[in-house]
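# Examining the three-dimensional arrangement
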Amino acid sequence: MKPRNALMLILTAFIWGTAFVAQSVGMDYVQPFTFNGVRSLIGAAALLPCIWLLGKRKTAGEERKEAESKKTLIMGGVLCGICLFVASSLQQIGIQYTTAGKAGFITAFYIIFVPVLGIFLHKKAGWKVWLAVVLALVGLYFLCIKEGFSIGRGDIFVFACALVFSIHILVIDYFSPKVDGVKMSCIQFFVCGLLSIPCMFLWENPDIYAIMMAKLPILYAGVLSCAVGYTFQIIGQTGMNPTIASLLMSLESTFSVLAGWVILHETLSSREALGCVLMFAAIILAQLPEKKEEKV
């Protein structure tokens, strides 16, 4: 595993964690499908100049190789976009019926789903990684759950969201080594945005004035959380064990709490501090090399 990939996924978690404020504020003005649809299309549009600039630097051999993998690129982008649309929609719907802490904790269950589903795809994880997964879940519990834990309707939506996010991670793991990550990310957002728009008109009341009122949160979520964050995810996941990748990205919850503490001067309780320590310990444990596996 390359340190650069791990750093990109940690930056992804940092961007998602700090963007939580923008997403929360945006939902004060617009509804879920409207927010997701507009920010996804902005994320796709923000990547177009990057694709154009990167394309000018490519050699003839690289362009020929990309042309040959065009079908794979489109398939990967479309599948990622569908997964992202379903997962983000389920999450936004679920958040309306549950607390933010419980939603954050249940969403992070993808760190369990990824290695379990990976077994069927021959993506086995060592005992240290499994121990890190358990340690991370305990840390997330201390970090997110501040009241009695019970299962409600919103929790079921968020649980389904976690399952779809785990599929999203595995789809990226399959396609990212074969295609241009920035282009696949761009296609992903166009698909997610185009799927959100009909739902926006069917089940919501989109208002251009409300969208303009939420322009700053939408731009922040679109450009940083979508264009930068998800592109870093696709590039960073290339060649990495998907279970370790999911652990690194689960730091999103830790960064959101720390951002609230540093930027918004929110109180960081001893319970939350313990959760942060356990999360970071899990990440460090997952990075330790498995000597026996390397010899095989």
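To start, this report covers the structure provided alongside it. Just so it is clear, the model here is predicted, and its values are computed rather than measured.

## Digging into the overall build of the chain
Along the backbone of the chain there are 16 helices and 0 strands. Burial statistics for the chain: of 296 residues in total, 50% are counted as buried. Accessible surface computed for the chain: about 14700 Å², of which carbon and sulfur atoms make up 70%.

## Quick word on the nonpolar core
Counting 67 residues, the largest nonpolar core has I111 and L247 as the members making the most contacts within it. In terms of residues, this core owes the most to one element, helix α9 (residues 153–175), which gives 9 residues. When residues no more than four places from it in sequence are discounted, the contact partners of L247 are I111, V129, A132, V133, A136, I283 and A286. Residues V30, I211, A214 and A221 belong to the second largest nonpolar core, which totals 8 residues.

## Thoughts on the packing of helix α3 (residues 32–56) against helix α10 (residues 181–203)
Contact geometry of α3 with α10 gives a least axis separation of 7 Å together with a crossing angle of 155 degrees. On the basis of their axis angle, the class for α3 and α10 is roughly antiparallel. Helix-helix and strand crossings are classified by hand; for α3 and α10 the assignment is left-handed. Classifying every residue of the contact of α3 with α10 by side-chain character gives 17 nonpolar, 8 polar and 1 charged.

## A closer look at a nonpolar patch on the surface
Nonpolar side chains collect at one region of the surface, where V21, V25, Y29, I208, Y209, M212 and M213 lie side by side and expose about 690 Å² of accessible area between them. Contributions of two or more residues to the nonpolar patch are made by α2 (20–26) and α11 (208–213). In terms of residues, the nonpolar patch owes the most to one element, α11, which gives 4 residues. Within the secondary structure layout, Y29 lies in the loop between α2 and α3. On the accessibility criterion, Y29 (39% relative accessible area) is partly exposed.

## Focus: the side chain of S225
Checked against the element boundaries, S225 lands in helix α12 (residues 215–237). Owing to a relative accessible area of 2%, S225 belongs among the buried residues under this scheme. Other than its neighbours up to four places away in sequence, S225 contacts I15, W16, A19, R39, Y220 and Y230.

## As for the environment of L219
Locating L219 in the fold gives a position in helix α12. As a C-alpha pair, L219 and V38 span 181 residues in sequence and 9.0 Å in three-dimensional space. Excluding residues that lie within four positions of it along the chain, L219 makes contacts with I42 and L224.

## Structural notes on the packing of aromatic side chains
For the structure on display, the rule yields 9 aromatic pairs. Here the aromatic rings of F255 and F280 are separated by 6.4 Å at their centres, their planes lie at 75 degrees, and the arrangement is edge-to-face. Of this pair, F255 sits in helix α14 (residues 251–262) while F280 sits in helix α15 (residues 270–287), and the two are 25 residues apart along the sequence. Overall, F255 belongs to the buried group, its relative accessible area being 14%. Overall, the relative accessible area of 33% leaves F280 in the partly exposed class. In textbook terms, an aromatic cluster arises when at least three aromatic residues are bridged by ring pairs, as seen for F14, F255 and F280. The positively charged end of K178 is found above the aromatic ring belonging to Y174, 3.5 Å away from the centroid.

## Concerning helix α13 (residues 242–249)
Counting buried positions over the 8 residues of α13 gives 8, a clear majority of the element. Taken together, the buried positions of α13 are P242, T243, I244, A245, S246, L247, L248 and M249. Its side-chain oxygen placed 2.8 Å from the backbone nitrogen of T243, N241 serves as the N-cap of α13.

## Overview of the packing of helix α1 (residues 3–18) against α13
Each pair of packed helices can be described by the angle between their axes along with the distance between the axes. Where α1 meets α13, the closest approach of the two axes is 8 Å, and the angle between their N-to-C directions is 40 degrees. Contacts from A6, L9, I10, A13 and W16 in α1 reach A245, L248 and M249 in α13. Of the residues in the contact of α1 with α13, the class split is 8 nonpolar, no polar and no charged.

## Re the state of the cysteines
Taken as a whole, this structure holds 0 disulfides when the rule is applied. Lacking any disulfide linkage, C80 is separated from the closest cysteine sulfur, that of C83, by 6.6 Å. Its sulfur unpaired, C186 is 9.3 Å from the next cysteine sulfur, which belongs to C50. A relative accessible area of 4% places C186 in the buried class.

## Some points on the side chain of S40
Tracing the backbone through its elements, the reader meets S40 in helix α3. Setting aside its immediate chain neighbours within four residues, S40 contacts F189, C192, G193 and C226.

Cut-off values and rules
- Residues numbered from 1 in each chain as written.
- Predicted model: local features only at pLDDT ≥ 70, side-chain atom pairs only at ≥ 80, totals over all residues.
- Heavy atoms only, no water.
- Helix = DSSP H or I, 4+ residues; strand = E, 2+ residues; numbered from the N terminus.
- Buried < 20%, exposed > 50% of the residue type's maximum accessible area, 1.4 Å probe, protein only.
- Areas by Shrake-Rupley, 256 points an atom, 1.4 Å probe, with all protein chains shown as cover.
- Core = buried A, V, L, I, M, F, W, Y, C linked by side-chain atoms within 4.5 Å.
- Contact = heavy atoms within 4.5 Å.
- Axes fitted to C-alpha atoms, helices over the stretch in contact; angles between N-to-C directions.
- Parallel < 35°, antiparallel > 145°, perpendicular 65-115°, else oblique.
- Left-handed = near helix turned anticlockwise from the far one by under 90°.
- Nonpolar A, V, L, I, M, F, W, Y, C, P; charged D, E, K, R; others polar.
- Patch = residues over 30% accessible without salt bridge, like charges linked within 9 Å, V, L, I, M, F, W, Y side chains within 5 Å.
- Salt bridge = Lys/Arg side-chain N within 4 Å of Asp/Glu carboxyl O.
- Phe/Tyr/Trp six-rings, centres within 6.5 Å; stacked < 30°, edge-to-face > 60°.
- Lys NZ or Arg CZ within 6 Å of the ring centre and 35° of its normal.
- Polar contact = N/O pair within 3.5 Å; in protein donor to acceptor, adjacent residues only side chain to side chain.
- Disulfide = S-S within 2.5 Å.

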